[in-house]
Amino acid sequence: MNIKKIKNDILELKDIKLKIKVNIGRNKHEYYEGIIEKLYNNLFTVKTNKGVKSFTYADVAIKQVILSKFT
């Protein structure tokens, strides 16, 4: 995947409730529920149940951050 496609995919998810899985290394993960608030050139912010978090598009490209629609 290229960064431009990832940006477009994330833009489509804006204002939709998401489940977010973040790989923090050594087989450890953090889980959040939230809504994408703002999109910037190199990163995007998510308002989660634990505050505002920011992630880069590269994090999504290398699957450090996985976004999925909340069901």
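Residues numbered from 1 in each chain as written. Predicted model: local features only at pLDDT ≥ 70, side-chain atom pairs only at ≥ 80, totals over all residues. Heavy atoms only, no water.

### A short note on the overall build of the protein
If you tally the helices and strands in the protein, you get two helices and five strands. Ordered by position from N to C terminus, the α and β elements of the protein give α-β-β-β-β-α-β. Relative to the 2.2 N^0.38 estimate, which gives 11 Å for 71 residues, the radius of gyration of the protein is 11 Å and therefore close to what a compact globule would have. Dimensions of the protein, computed from C-alpha atoms along their principal axes, come out at roughly 30 × 25 × 20 Å. Contacts spanning at least 24 positions in sequence make up 37% of the contacts within the protein whose residues lie at least 6 apart. Accessible surface, the protein as shown: approximately 5,000 Å² in total, 50% of it carbon and sulfur. Looking at charge distribution, the protein has the averaged site of its 15 positive side-chain charges lying 4 Å from that of its 7 negative ones. (Helix = DSSP H or I, 4+ residues; strand = E, 2+ residues; numbered from the N terminus. Rg over C-alpha atoms; globule rule 2.2 N^0.38 Å. Contact = heavy atoms within 4.5 Å. Areas by Shrake-Rupley, 256 points an atom, 1.4 Å probe, with all protein chains shown as cover. Lys, Arg positive; Asp, Glu negative; His and termini not counted. Charge placed at Lys NZ, Arg CZ, Asp CG, Glu CD.)

### With respect to the side chain of Thr-45
Here Thr-45 lies in strand S3 (residues 43-48). Setting aside residues up to four positions removed in sequence, Thr-45 forms contacts with Ile-35, Ile-36, Glu-37, Lys-38, Tyr-40, Val-52, Lys-53 and Ser-54.

### What about the sheet that holds strand S4 (residues 51-56)?
What the five strands build is an open sheet, ordered S4-S3-S2-S1-S5; its pairing is antiparallel. Looking at the sheet topology across the chains shown, the edges are occupied by S4 and strand S5 (65-69). Here the average twist between neighbouring strands, direction ignored, is 40°. (Pairing = 2+ DSSP bridges. Axes fitted to C-alpha atoms, helices over the stretch in contact; angles between N-to-C directions.)

### Some words on the pairing of strand S2 (residues 28-39)
Both strand S1 (residues 17-25) and S2 contribute to a ladder of eight bridges, which runs antiparallel. Each bridged residue has a counterpart across the sheet, and for Val-22 the counterpart in S2 is Glu-30. In textbook terms, the turn of a hairpin is the stretch between consecutive antiparallel strands, and for S1 and S2 this stretch comprises two residues, one of which, Arg-26, has a positive phi near 50°. Hairpin connection between S2 and S3: a loop of three residues separates the two successive antiparallel strands.

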